[in-house]
Structures are given as structure tokens and as C-alpha cells.
Amino acid sequence: MINKDAIRKVTNSIEPTQVMEGAGVRLRRSIATRQLDYLDPFLLFDHFGSHDPEDYMAGFPMHPHRGIETVTYMQAGSVRHTDSLGNSGVISTGDIQWMTAGGGIMHEEMPQQGADGHMEGFQLWVNLPAKLKMSPPRYQEILAGTIPEAAPQPGIRVKVIAGEYAGLHGPVTEIAADPTYLDVALEPGVTFTTVITSDHTAFAYLYFGDGDFGGVFASSPRLLIFGEGNSIQIKADKIGAKFLLISGKPLGEPIARYGPFVMNTQQEIMEALKDLREGTFIKHS
Ligand code: FE2
């Protein structure tokens, strides 16, 4: 029998894979790899970051998406974007872009070289349920200053991007997977605990330091998947730990994926490619 009141143990600890994406951007990928294709409802997780502009300046020129939501969270530097909804702007350190591709969007994501050349951030793809895959696209930009930060006890700082923590609510809302997205910083030796029930898939991405994640010791960079239980417990080791804690409701639907399109059937992928060929890809602008 499964004890659902238990602390959720890590069932899988994944070392990111180095990949080249877009027009030549070097990044570390932990979901959408041979080792982990899909962590329902999460389709992809990338950590991009470099002090060398050569690693990222080529960026992601205009490309389509359908059937998913993408979340970009900047840690350093900035990315300029434009899309087929008419949005354009720059997201910088601490800002978030949450894009619902729905039935179809075209966009461009171009990193900008900062004063010290450092650019770093994360991109997560969240699946959309079948009934929302062809919905109108939407774009939410959340500036760093509007993201609430909790400091429930000395040595713990938590930015609440989506979901709830310590009575604070994240500004990213109305996302189909009902996600929690926290950015947590722990001082050395400090223990962090929060409730995330078993019916939500949950993972942590450790991007600095090391610590004990539900019984498994990990050093950055690492993606850790939590098993059954009701709460998450993480204890930072000697140099502290910084990690994202992300959870969402699994869809339990079949997926058919092809690059930037994620649908339920191969037939729908063929339709996306046909729409692209025939210039009918964008249904809403
Ligand atoms: Fe994209």
C-alpha cells in the first residue's frame, strides 16, 4: 500500500544532456531526451546559460508552435521576442514569459548580449489537454517586480511564479495544468518543506549548490523527479542550494510530438505540417 501522507522520495535523478537548438544555441536539456521523453504534463525542460555570446547569439529565429504552452524564466541577460499576435518586447533578469501556443503561433526568441555577456534562463513546455490544443493563442509577460517573494524563516527565500506558497499566489494564472512554479534559494544546512500532493507530477531542477532531495543527494545541475507522497522536503548542504520546484496535473492523454508541435494523434501532426505548407497555420492573430 502506498502511504500518501509520506514525504515524496526522489525516484529518478537526471543529469542534463548538452544539446544544440534553434540556429545554434548551446543548452542543457533534462526533459525531451532519450532518457526522459515526457514527464506528463511536462514536455521539455531546457537550461540555457553562458558567459560566451557565441553560445547563444544565433537565437531562435521565427518558428511555429501548436498544442502546448511554453514558459521562459530569465535569470540573467535578456531575450527579445516578437510573435504573430503582434506582441514584441524584451524580457530581462527575473522576468517570465508564459506563452499559450494553442492552435498556432509563430514567434522569434533572440537573446541579447548584456554588459558582461552573461545570459541564463530556463524554458519549460507544458502540454495542453486535447480540448484546448486548438484554442486561441495567448501571451503573458510577468515582470520580475510583480513576482512575490516569501521568506518564511531565516535562510529560505521563495519566489512564487505560479501556484501558492506560504499564502502568496504567483502572478501566472489560468494555465491548464494548474502548475506550481517556485524558485527557491536555501542557505547552507537549511531544510525546506512544502505540500505537493501525489496527484501532481513534481520535479526539482537544481541549478546551484547541492543537497538532499527526499533522501537522494544531488549536485547541480540535476533534475529530480519526486514519487508518491504528500510533501516535498529538501535540505541544502554546505554551500546552499538554488532550485526550481515545479508541479502540474498529468493529462493522461496520448501524445504525438514533432518538433514544436505536440498533438494527440499523428493525423493532427500531419495537419499542422499541411497548414504550415499552405499558409493556413495561424488561425488567430
Ligand atoms: Fe519557441
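Just so you know, these numbers come straight off a predicted model, no measurement behind them.

Thresholds, definitions, all that
Residues numbered from 1 in each chain as written. Predicted model: local features only at pLDDT ≥ 70, side-chain atom pairs only at ≥ 80, totals over all residues. Heavy atoms only, no water. Helix = DSSP H or I, 4+ residues; strand = E, 2+ residues; numbered from the N terminus. Expected span 1.5 Å × (residues − 1). Buried < 20%, exposed > 50% of the residue type's maximum accessible area, 1.4 Å probe, protein only. Arc of directions from axis to C-beta. Contact = heavy atoms within 4.5 Å. Pairing = 2+ DSSP bridges. Axes fitted to C-alpha atoms, helices over the stretch in contact; angles between N-to-C directions.

Visitor: Sorry, what's going on with helix α1 (residues 266-278) here?
Guide: The α-helix advances 3.6 residues per turn, and as a result positions three or four apart in sequence lie on the same side. Over its 13 residues, α1 runs 18 Å from end to end, which matches the ideal 18 Å to within 8%, given 1.5 Å per residue. Among the residues of α1, Ile269, Ala272 and Asp275 are the ones counted as buried. An end-on view of α1 places all buried positions within 120° of arc, on one side of the element. When the buried face of α1 is taken as reference, the exposed residues oriented beyond 90 degrees from it are Gln267, Arg277 and Glu278. In the core, the buried residues of α1 are packed alongside β23 (256-258) and β24 (261-263).

Visitor: Help me understand the sheet that holds strand β8 (residues 88-92), please; the structure alone is not making it clear to me.
Guide: Working definition: the strands of a sheet are paired by backbone hydrogen bonds and lie parallel or antiparallel to each other. Spatial strand order, β5-β10-β7-β8: four strands in an open sheet with antiparallel pairing. Only two strands of the sheet have a single partner each, and these edge strands are β5 (60-65) and β8. Looking at each pair of strands side by side, their axes are set apart by 25° on average, direction ignored.

Visitor: Just checking my understanding: could you explain the pairing of strand β21 (residues 222-226) for this structure?
Guide: Among the five residues of β21, four are classified as buried, and the element is accordingly described as predominantly covered. The sheet contact formed by strand β19 (residues 201-213) and β21 spans four bridges and is antiparallel. By the bridge assignment, tyrosine 205 is partnered in β21 with leucine 223.

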